[in-house]
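Inside the fold
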There are 2 protein chains.
Amino acid sequence: MGSGEDGRVAPLRRALDGPWWEARDQVRATLRDPLFAPRYGLTADEQRALTLERLVALAKTDGPAWLFPRAYGGLEDPAAGIAAFEVQAFSDLSLLVKSGVQWGLFGGAVLRLGTARHHQQHLAGIIDGTLLGCFAMTETGHGSDVQSLRTTATYDPATDELVVHTPDDTAAKDYIGNAALHGRLAVVFAQLSTQGEQHGVHAVLVPIRDDAGRPCPGVRIEDDGLKAGLNGVDNGRLLFDHVRVPRDALLDRFGQIADDGTYSSPIDDVSRRFFTMLGTLVQGRVSISGAAVSATKCALTIAVRHGERRRQFTLPGGDDEVPLLDYRAHQRLLLPALATTCALSFAQLVLVQELATVLTAAPDDADARRRLETRAAAMKVATTAHAVRTIQTCREACGGAGYLAVNQLAALRADTDVFATFEGANTVLQQLVAKTLLTRYQAEFGELDARGTVRFVADHVVEAVIERSGARGILQRIADLLPSGDDDHPFDRDRQLALLVWREKHVLDGLARRLRKGVESGRDAFAVVNDAQDHLLLAASAHTDALVLEAFADAVDAIEDDDARALMSKVCDLHALATVERDRAWFLEHGRLTPARSKAVTVAVNDLCAELRPHARVLVDAFGIPDELITAPIAQR
Amino acid sequence: MGSGEDGRVAPLRRALDGPWWEARDQVRATLRDPLFAPRYGLTADEQRALTLERLVALAKTDGPAWLFPRAYGGLEDPAAGIAAFEVQAFSDLSLLVKSGVQWGLFGGAVLRLGTARHHQQHLAGIIDGTLLGCFAMTETGHGSDVQSLRTTATYDPATDELVVHTPDDTAAKDYIGNAALHGRLAVVFAQLSTQGEQHGVHAVLVPIRDDAGRPCPGVRIEDDGLKAGLNGVDNGRLLFDHVRVPRDALLDRFGQIADDGTYSSPIDDVSRRFFTMLGTLVQGRVSISGAAVSATKCALTIAVRHGERRRQFTLPGGDDEVPLLDYRAHQRLLLPALATTCALSFAQLVLVQELATVLTAAPDDADARRRLETRAAAMKVATTAHAVRTIQTCREACGGAGYLAVNQLAALRADTDVFATFEGANTVLQQLVAKTLLTRYQAEFGELDARGTVRFVADHVVEAVIERSGARGILQRIADLLPSGDDDHPFDRDRQLALLVWREKHVLDGLARRLRKGVESGRDAFAVVNDAQDHLLLAASAHTDALVLEAFADAVDAIEDDDARALMSKVCDLHALATVERDRAWFLEHGRLTPARSKAVTVAVNDLCAELRPHARVLVDAFGIPDELITAPIAQR
């Protein structure tokens, strides 16, 4: 970036980078190496080889080390590690996913599900990339419903071994990154049994390839073949035919097998034990959320630069052609998406901060863990859905040129597509979010009459919201702030927040009431929940919308540079109003917008688009994507 | 399809196939040949070679011949030719596009812009595939604004030749199918000048490769390289360095150069001449619209079959896992999209019928041509946007398996992406639609006061709508039919139609008023139109929504089999209500839905989804996609 750069870029970039800006800058510097420059037209085999080469290069940087304890060669700063993943996502997304498998999922499982002997034996090799591994959870027949997976790990006291077995092909471990080519060791999730007793899903370390790269005896490896994108990742299937591993291959932090074959666990309930194990892996979801935001930033950087350069149609009565971004329709495509990308970027900082707190300061705080998991699920859904939508919009906004591989949007689009599916399918995660929001009063359902439940739910939801947004202390003022008339008062930030928080509360209230009523009516439980499924999804997204705007509003307030703050405040307005506009039907249905005010929201979004149009370039510059990674001819400065 | 097939499949399929069902069945039979079976993992070079091989095979069928006059070896049934393209789109979309370039664009331009000597010289070779060609309109610097393209064709009286020239690289012909490898002759659109006078854009036949495949002297050919999809099409750039062609290379139906070098044309106005030429090429847009519907049908066939087979999560208190399609969220993803696909499929039949009428019965009816062009533009936007959205939804509904190339959705997704851009970018086409709707009273603007304009506009719009839907005679009853209260009366078909037609009229009224006011205020014309750009887009989609529902309603009425009609009538309800639900904010804002009724629409959509779920399979079977083309492992019966 040259000396002519707008003075707001630096402070905005610092704000968007957050507390881990130094880690991010370190990774940016790494990615300037030509090894990481975008490449096209490679065969799948060439892509896989290149991705491995890049992974090995990354292993030499601090990136992976941040995620692991000092005792094993790590630097013990997980938030910096997540920040590193996020910046990595400005480059090759196959690399991002492959390193996420290696250091996040595989390494993370060994670290958090294993105990000291596993750490001593494996972590150093995992960090420096000499031991490549797999995270073998998903099965062909069971993707989202992990608890029902069917691979078995049976303790054999005769040999003091675990026997890992795939009962049939639908229980194959599938879509497993690093499986088709490069992985040597796999964390295999399987139904554990000892002494004829079932203990639910546990993780076992199983060697899958020898040093020469040949499958180990009893291990069948299939290649998942070509995919819509991410073809630099060697996804494959793993099947085990009574494969024997020593007893201590069990990652036994949450369930141990004693010398005499007795099973024990600090957590008695099988289901709770399983979800506790899963919970420790929340880091993967946090990383994907951040990566989705980064990929969206790349696409917007390309589309905004193109929208400023590219001119089409002559002004009536003039010779000058009009830059695309001067057209309202084009502004409408890109600028609200740009605003929401900023919103999600700031909300992601809050998520990473929460992760860091749980991993370091509050590892035993179950409530903090639950909040983190809920926020991570909510954010993963919001960021990945936004990425798919926005990158597609950017492609269309760049016309035929956007369809050419050389302009980068094709790969961004294809590679991020599956983000909505892996690390928890979005629809499933949204239900998880909604159910968690409902959980805290579920236990009391039996003891309250219907009206009592409503009051109870309302109290608890309000409490949960206050807990979250206490710093801004806005809740007390919600009632005053909700727009109710058609006066000309422009929406201020607190009113925008009040609207979204009120919706979250109202949707949750209604959902709890509806489920309660269904259960009381004696209807089949599946039918009750299934009928309310769209309501559950709405509850989750209402929650997320409020979370994200809160984070954005707080972040704007914290920007010190006046010009930068003023600009980002407008961006926050655009995000908030575009969110309200998108769901204005709901606000109209629930008496929170009058028809006149609803139309005024649309006018306000149009006006904000026009107002922000001259600043679009400053905003994408503030994303700080190294020029070496934006090679699209249509996006050159 | 076996003997156990549901009795409704055959009559539904006949209805969806329309009058050209025999042509469609003929193409279905062709596509059962193993040559057309889906292939994956090919390099771009292999894909291009395979696509050519398939094109040559198609040239031996009736498909191309239907598009051309009997005098030159054709079969002269353009509607059957479009139907053939539509069925072809069940198979390889690269093939669809490459044959669309060859027979639709290149052949169509020679046929409709050329005269007898061009026909005699070229049509036979075009039909049988021995003369492959290009349609060189788009330039790097000018995509949507074709009228401003900068390639020149200058008449040189000294040699009686035209000199075709590319002034600089931004005037290169770009994204041209058949250019990079296989095309020998190109229809080149260029600014024609004779005797120092400009005559606007005309088409000239320019040889670009000799028989050995080498570029002709003065012709520079570049390869556009890898794309997001459609890599079986050899798109490229063409640049001309003072390339000389004989005078009669000018496709001179709409503009002739006499022996003495004098230019003449049956159409005086340069701009009108240009749009008349473009108008004759409407067939390309009609084909792409149909192909988009077909590709969507493929994706839904795969996703619905998968949704019935695939089970996830056990019922509480049971052992059985639940098929995905039993979940409301899954129904919500797929069934309204399925209903709208049926709607667009029927609306496409009307469009093709209109095209056939204009091409055969009413070639000189300017009004009929204008209506056809408007309908084609509206449909192309609706079908391609629906395809992009729905195929993405299908991919997500098939989870990780949907991301594997072998399950076909990856290619469908990548290949259809650019449909929103080529043959007219969707945003530009929508504005064309809206402007055409406004055109008929534009001339009178100056003579009416503001109130007069409003009345005038309203009258004309109502007239246009009546003209379109006269058969159903519903307009007179609109006022009675518009839902206004919260009574329990279920929406019937006429009420649904009334709602959409009223919106079309209201949006157009408002738009005309707004533009008029803007112009009267003396504001800059660009600013006035640009400020109203989102209003223009809304007017276009409101128009399209009404058109599509009218077509669907008429088609349902025409189904003779009672069971089939009853089922398709429910599908029509779902389409109509999902359309209203999607835009319920607008109806709330404009007093056409009360909050209570708006919520009732959502409930009705949910109920219809549940009601139609058991029939989803019958509906996709009725699309009649040959089993040989649905090879996805997740979609096997």
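This text follows the structure it describes.
These remarks concern the structure in this document.

How each quantity is defined
- Residues numbered from 1 in each chain as written.
- Chains lettered and ligands numbered in written order.
- Predicted model: local features only at pLDDT ≥ 70, side-chain atom pairs only at ≥ 80, totals over all residues.
- Heavy atoms only, no water.
- Contact = heavy atoms within 4.5 Å.
- Buried area = accessible area lost by both parts, 1.4 Å probe.
- Salt bridge = Lys/Arg side-chain N within 4 Å of Asp/Glu carboxyl O.
- Nonpolar A, V, L, I, M, F, W, Y, C, P; charged D, E, K, R; others polar.
- Helix = DSSP H or I, 4+ residues; strand = E, 2+ residues; numbered from the N terminus.
- 1 Å grid on protein atoms, 1.4 Å probe; cavity = no way out; pocket = protein on both sides within 12 Å on 5 of 7 lines; lining within 4 Å.
- Points joined across faces, edges and corners; volume = space filled by probe spheres on them.
- Buried < 20%, exposed > 50% of the residue type's maximum accessible area, 1.4 Å probe, protein only.
- Core = buried A, V, L, I, M, F, W, Y, C linked by side-chain atoms within 4.5 Å.

**Details of the interface of chain B and chain A**
On the chain A side, the residues contacting the 68 residues of chain B number 68 residues. Between chain B and chain A, the buried area comes to about 5400 Å², and carbon and sulfur atoms account for 56% of it. One can count eight salt bridges joining chain B with chain A. Salt-bridge contacts for Glu589 of chain A lead to Arg584 of chain B; the nearest nitrogen and oxygen are separated by 2.7 Å. Considered class by class, the residues forming the side of chain B that touches chain A number 26 nonpolar, 21 polar and 21 charged.

**Comments concerning the side chain of Asn530 of chain A**
Looking at where Asn530 of chain A falls in the secondary structure, it is placed in helix α17 (residues 525–531). Among all residues touching Asn530 of chain A, those that are not within four sequence positions of it are Asp326, Tyr327 and Arg328 of chain B.

**A word on empty space enclosed by the protein**
Gaps between atoms show up when a probe of the same size as a water molecule is rolled over them. Residue and element names in this part refer to chain B. A full pass over the atoms with the stated rule returns eight cavities of 30 Å³ or more. A volume near 120 Å³ is recorded for the largest cavity. Along the walls of the largest cavity sit 16 residues, with Leu16, Arg24, Glu86, Lys297 and Ser345 positioned nearest its centre. Secondary-structure elements contributing two or more residues to the lining of the largest cavity are α1 (9–17), α2 (21–31), α4 (78–88), α8 (282–309) and α9 (328–361).

**Quick word on the pattern of salt bridges**
The tally for this structure, following the rule as stated, stands at 96 salt bridges over all chains. Ionic pairing is found between Arg370 of chain A and Asp367 of chain A, a salt bridge with its closest N-O pair at 3.8 Å. Of the two residues, Arg370 of chain A and Asp367 of chain A are both situated in helix α10 (residues 366–397); the distance of three residues between them amounts to about one turn of the helix. Residue Arg370 of chain A is classed as partly exposed on the basis of its relative accessible area of 25%. Across the pair Arg220 of chain B and Glu222 of chain B runs a salt bridge whose closest N-O atoms are separated by 2.9 Å. Here Glu222 of chain B falls in the partly exposed class, since its relative accessible area comes to 28%. What you see here is one network of salt bridges that share partners, running through Asp169, Asp174, Arg220, Glu222, Asp224 and Arg237 of chain A.

**A look at the nonpolar core**
Counting 389 residues, the largest nonpolar core has Phe189 and Met568 of chain A together with Phe189 and Met568 of chain B as the members making the most contacts within it. Every residue in contact with Phe189 of chain A, bar those within four places of it in the chain, is listed here: Leu113, Phe135, Ala136, Met137, Glu139, Leu149, Thr151, Lys173, Val201, His202, Ala203 and Leu281 of chain A.

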